Amino acid sequence: MTGPDAAPSFKLGYVPGVSPGKWVRTWEERYPGVPLHLVQLTNAEARPRIHDREVDAALLRLPVDREGLHAIPLYTETTVVVVPKDHVVAAADEVTTADLAGEVLLHPHDDTLDWPGPPGTVAVHRPETTADAIELVAAGVGLLVVPMSLARLHHRRDLTYRPITDVPESRVALSWLEDETTDLMEQFIGVVRGRTVNSTRGRAPQPKQPKQAKPPQAKQPRKPRPLPRRGRRK
């Protein structure tokens, strides 16, 4: 909102690989009068954009500095290694870090996994972004370990990926300012947590309806009392 008289709206940031579509559809069905605006962010941008109030909330990847922020973990992603389709790793259903011991691994600056670096031999050059690292994998420079959603986002026909079983996993969370849990924020929390429309915290407050006075009931006419029967004369 830009002023006291502005129509309400909700601005949601989201990082690459996160798909907010299902929550946006639910919001539009429940609150058609409150527009939800999507803003794509890098994971590094998400926290400062929330603090600067450029977005009301953001779907981001943990870990993140939570000072002054709420963060509700929503789900955990499988971690995969991206390799050329003709690479030996592509023949396996899943791999471990031991399987990558002799490989060159790329470590982009926007890596979102909570570790000091990937397994194997880390390439001296660090690509700026995951997209840049994907290009290097395609060129045969090395392999790349990322959350599965990022491998899908940067899909190429000449590359594939396989799950890694013993590395950190990426957690996606909903984050917003600690001191600004507004009614709209509560409503969006209800949407992402799957609350039904009938849930108190998951629906827009409804104005109280005035009680209607019951119409007076018409009095029923009283039936005449029967006269006492007189005894027969003898």
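What counts as what
In this convention, every chain numbers its residues from 1, walking through the sequence in written order. It should be noted that, the model being predicted, local features are given only for residues of pLDDT at least 70 and side-chain atom pairs only at 80 or more, the latter also being counted only at that level, while totals for whole chains, interfaces and linings use all residues. With hydrogens and water excluded, all non-hydrogen atoms of the structure serve as input to the side-chain values. Criterion for a salt bridge: a side-chain nitrogen of Lys or Arg within 4 Å of a carboxyl oxygen of Asp or Glu. Helix numbers and strand numbers start at the N terminus; a helix is a DSSP run of H or I with at least 4 residues, a strand a run of E with at least 2. The pLDDT score gives, residue by residue, the confidence of the prediction method on a 0 to 100 scale. The criterion used for residue contact is that any of the two residues' heavy atoms lie within 4.5 Å. Accessibility here uses a 1.4 Å probe with only protein chains present; expressed as a share of the type maximum, an area under 20% marks a residue as buried, one over 50% as exposed, and anything in between as partly exposed. DSSP bridges decide pairing: two strands pair if at least two such bridges lie between them. Fitting a line to C-alpha atoms yields each axis, with helices limited to the stretch in contact; the angle taken between N-to-C directions then spans 0 to 180 degrees.

A. The arrangement of the pattern of salt bridges in detail. Counted by the stated rule, this structure contains six salt bridges. Among the ionic pairs, Arg49 bridges to Glu54, the shortest N-O distance being 3.2 Å. Here Arg61 makes a salt bridge to Glu77, at a shortest N to O gap of 3.1 Å. With Arg61 in strand β3 (residues 57-62) and Glu77 in strand β4 (residues 69-77), this residue pair connects regions lying 16 residues apart in the sequence.

B. A look at the confidence of the model for the protein. Looking at the protein, the pLDDT average stands at 88 and 82% of residues meet or exceed 70. Taken as a whole, residues 202-210 scores under 50 in pLDDT and shows twelve contacts with residues more than four places along the chain or in a different chain.

C. Region of interest: the environment of Gly21. The residue Gly21 is located in helix α1 (residues 21-30) in this model. In this structure Gly21 comes out as partly exposed when scored by relative accessible area, which is 28%. Taking the C-alpha atoms as reference, Gly21 lies 9.8 Å from Leu38; in sequence the two are 17 residues apart.

D. View of the pairing of strand β5 (residues 79-84). For β5, the tally of buried residues reaches six of six residues, placing the bulk of the element in the interior. Of the pairings in the sheet, the one linking β5 to strand β8 (residues 143-147) comprises four bridges and is antiparallel in character. Across the sheet, residue Val82 finds its bridge partner in β8, namely Leu144. With five bridges joining them, β5 and strand β9 (residues 159-163) adopt antiparallel strand pairing. Among the inter-strand pairings, Pro84 is bridged to a residue of β9, identified as Leu159.

E. Spotlight on unusual backbone geometry. With an omega dihedral of 5 degrees, the bond running from Leu62 to Pro63 counts as a cis peptide bond. Tracing the sequence through the fold places Pro63 in the loop between β3 and β4. Even without glycine at this site, Arg53 takes up a positive phi of about 60 degrees. Mapping Arg53 onto the fold places it in the loop between α2 (43-51) and β3.

F. Summary view of the sheet that holds β8. Spatial strand order, β7-β6-β8-β5-β9: five strands in an open sheet with mixed pairing. A strand with exactly one partner marks an edge of an open sheet, and here the two such strands are β7 (121-122) and β9. By the bridge criterion, two bridges tie strand β6 (residues 104-106) to β8 in an arrangement that is parallel. Bridging from a neighbouring strand, Leu106 pairs with Leu144 of β8. Sitting on the sheet, helix α3 (residues 130-138) is in contact with β5, β6, β8 and β9, with an inclination near 140 degrees to β8.

G. Fine view of the environment of Gly140. For Gly140, the location among the structural elements is in the loop between α3 and β8. Exposure remark for Gly140: the relative accessible area of 58% places this residue in the exposed category. Counting along the chain gives 56 residues from Gly140 to Pro84, while the straight-line C-alpha distance between them is 7.5 Å.

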